[in-house]
Amino acid sequence: MTSFKSAALAALLCGVAMPALAQDLTIGRSSEQSSIDPQFSRTGNNQMTSTMIFGRLVEFDANLQVSPGLAESWQNIDPTTWEIKLRSGVTFHDGSAFTADDVIFSLERADEVPNSPAPYTDQVSAVAGMEKVDDLTIRITTNAPAPTLMEDIGRVFIVSKAATEGRSSEDFMTPEVAVGTGPYKFVSWTPGETLELQAYDGFYGTTPEFKDVEVRFISNDAARVAALLSGAVDVIDAVPPTDVATIENSDGFSVFSTQSGRIIYLGLSMRADTAPGVAGADGQPLADNPFKDPRVRKAVSLMIDRQLIVDRILGGSGVPAGQLVPEVLGGHADDVIPDQPDLEQAKALLTEAGYPEGFSLTISSSNDRFPGDADLAQALGQMLTRGGLKVSGVQVFPYNVYSKAATAGEYGAFVFSLGSSTPTSGPSLQALLHSYDKEAGVGAFNRVRYSNAEFDSAIDTALQEFDEAKRIEMLQDATRLVFEDTPIVPLYWQVIHWGLKDGLAITAGLSEDTLPQEIRSAE
């Protein structure tokens with residue numbers, strides 16, 4: 001039996017040093033949410049907005065460790081039964097009481113939102129049934145032992161049943177539907193321009209420091225930096241590495257930097273017998289999809305100089321990666337290291353796989369999701385060309401458009417990312433690399449449709465182990481097993497930067513998706 005309880009919720013604004021509601025805040029953000037509906041998409045740009053407006057059952061600190069949120073305590077009664085005690089006295093922004101009905105409704109809705117490009121399916125896939133014991137108590141049964149249940153369902157944002165039931169994601173454009181329990185109330189969203197928020201006086205946690213928050217969406221890097229230095233905004237995210245020194249050397253401004261748990265990777269589609277944008281070296285159709293051959297995937301990985309990307313494209317703002325999570329998270333395997341560039345071996349593998357002359361492909365990427373994403377795609381094109389492939393084109397798109405198309409399988413070779421949001425690698429491994437199974441709720445982010453029955457069994461078994469030390473060892477073994485097969489091509493973990501005017505500070509860790517709540521007045 002395991003349980004967890006804490007005397008108080010960790011303050012979202014991290015120790016405010018000045019009187020509450022003393023000033024307003026204007027944020028310049030690189031990417032815009034695709035919906036105000038907090039369950040529409042798990043992508044970072046959406047979560048960055050949702051965490052300001054909506055609450056979750058648990059909170060995660062800078063190192064992704066769990067603390068109570070809307071759930072005050074929880075207890076594992078037996079391997080498949082959990083009892084959760086909810087926090088009393090919590091109200092939604094419309095003044096209505098937060099109860100067990102809202103939690104059950106939210107968890108049931110989480111995997112039913114239509115057209116989601118990044119659904120919460122994996123977070124609720126273990127849930128077999130939910131029972132309301134009383135207004136502040138829920139009993140959950142799981143399909144199998146689920147020791148990480150609270151980490152999983154704890155990522156789901158809780159909506160008001162009364163405000164949301166019968167409504168669509170589009171209806172969240174109105175404050176009457178976008179009702180949460182978070183520190184800020186939704187006021188308005190003008191797509192492509194601004195998001196307006198206002199502090200919620202009835203917030204159950206630490207009183208928000210800023211009365212009114214305006215988020216301006218500025219996708220152009222130069223324009224975003226200029227907005228900060230001109231005083232048009234108070235803080236910006238996604239500072240380009242090339243502009244870090246400029247901001248640091250400007251009077252009245254500073255830069256906060258930290259390594260994140262976000263992995264940037266190259267996906268190689270294995271969805272069908274042909275891959276979009278892939279053809280023979282002569283441009284003619286291929287009989288088989290080359291990415292289904294692990295030798296080809298390994299060859300592609302061996303063509304890439306990760307350290308060169310970090311040094312030249314990112315200005316040092318990255319850490320070369322050979323697996324999903326960095327070493328500070330449970331499940332990281334120290335012996336799974338990034339591939340070093342080896343064009344001779346890459347050529348030999350291509351020849352062995354039946355492609356001595358290589359083949360042609362198009363590389364796709366976003367151009368506003370993270371610093372240098374479009375430049376990264378160009379660099380990958382050059383590296384794969386030197387490795388013996390013919391890169392017929394590099395295409396980039398705004399992330400809101402790109403993410404939907406990538407989820408729909410419209411790209412053959414594409415740059416994407418995944419941010420770790422839990423203390424171990426388990427949920428990320430299951431979401432990104434487990435065979436896709438909508439019914440079972442696994443592989444929700446497996447856009448390449450990689451499938452390995454041995455790995456599926458290994459990760460499923462690991463996630464049912466209650467002994468934490470054993471579970472981490474099993475996750476390490478699963479990582480070794482799957483990356484022998486090059487399911488994706490890991491590139492690097494981001495080092496991320498924020499620019500701030502003097503008088504502000506920020507606390508952040510492995511997840512960069514909680515930027516707004518972590519801003520505070522400097523002590």
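Residues numbered from 1 in each chain as written. Predicted model: local features only at pLDDT ≥ 70, side-chain atom pairs only at ≥ 80, totals over all residues. Heavy atoms only, no water.

A.B. asks: A description of the domain arrangement of the chain should follow, citing residues and the corresponding values.
C.D. replies: Domain annotation for the chain reports domain 1 (23-217) and domain 2 (260-494). Listed as interface residues are 32 residues of domain 1 and, on the opposing side, 29 residues of domain 2. At the boundary of domain 1 with domain 2, total buried surface from both sides reaches about 2300 Å², with 57% on carbon and sulfur atoms. Our enumeration of links across domain 1 and domain 2 arrives at zero salt bridges. If you list the elements that add at least two residues to the side of domain 1 that touches domain 2, you get α1 (44-53), α3 (121-124) and α4 (149-153). (Domains from an automatic or database assignment. Contact = heavy atoms within 4.5 Å. Buried area = accessible area lost by both parts, 1.4 Å probe. Salt bridge = Lys/Arg side-chain N within 4 Å of Asp/Glu carboxyl O. Helix = DSSP H or I, 4+ residues; strand = E, 2+ residues; numbered from the N terminus.)

A.B. asks: Give me the lowdown on the environment of Val233, citing residues and values where you can.
C.D. replies: Tracing the backbone shows Val233 in the loop between α6 (221-230) and β14 (235-236). Measuring from C-alpha to C-alpha, the distance between Val233 and Thr26 comes to 5.0 Å, with 207 residues separating the pair along the chain. The contacts of Val233, once residues within four sequence positions are left out, are Thr26, Ile27, Gly28, Arg216, Ala227 and Leu228.

A.B. asks: Could you give me a rundown of the confidence of the model for the chain, with the residues and numbers involved?
C.D. replies: Of all residues in the chain, 92% attain a pLDDT of 70 or more, and the chain-wide mean is 91. Between residues 1-22, whose pLDDT stays under 50, and residues either more than four places distant or in other chains, the model counts 58 contacts. (pLDDT = per-residue confidence, 0-100.)

A.B. asks: Mind laying out the packing of aromatic side chains, listing which residues take part and the relevant values?
C.D. replies: On inspection of all chains with the given rule, the structure shows 12 aromatic pairs. Relative to Phe98, the ring of Phe92 has its centre 6.2 Å away and its plane inclined at 65 degrees; by these criteria the two rings are edge-to-face. Accessibility expressed as a relative area gives 3% for Phe98, which makes it buried. In textbook terms, an aromatic cluster arises when at least three aromatic residues are bridged by ring pairs, as seen for Phe397, Tyr399, Tyr402, Tyr411, Phe414 and Phe416. (Phe/Tyr/Trp six-rings, centres within 6.5 Å; stacked < 30°, edge-to-face > 60°. Buried < 20%, exposed > 50% of the residue type's maximum accessible area, 1.4 Å probe, protein only.)

A.B. asks: Could you give an account of the pattern of salt bridges, with specific residues and numbers?
C.D. replies: Applying the stated criterion across every chain yields a total of 15 salt bridges. Asp135 is paired through a salt bridge with Lys132; the nearest N and O atoms lie 3.0 Å apart. Here Lys132 falls in the partly exposed class, since its relative accessible area comes to 33%. Among the ionic contacts, a cluster of salt bridges with common partners joins Glu83, Glu131 and Arg139.

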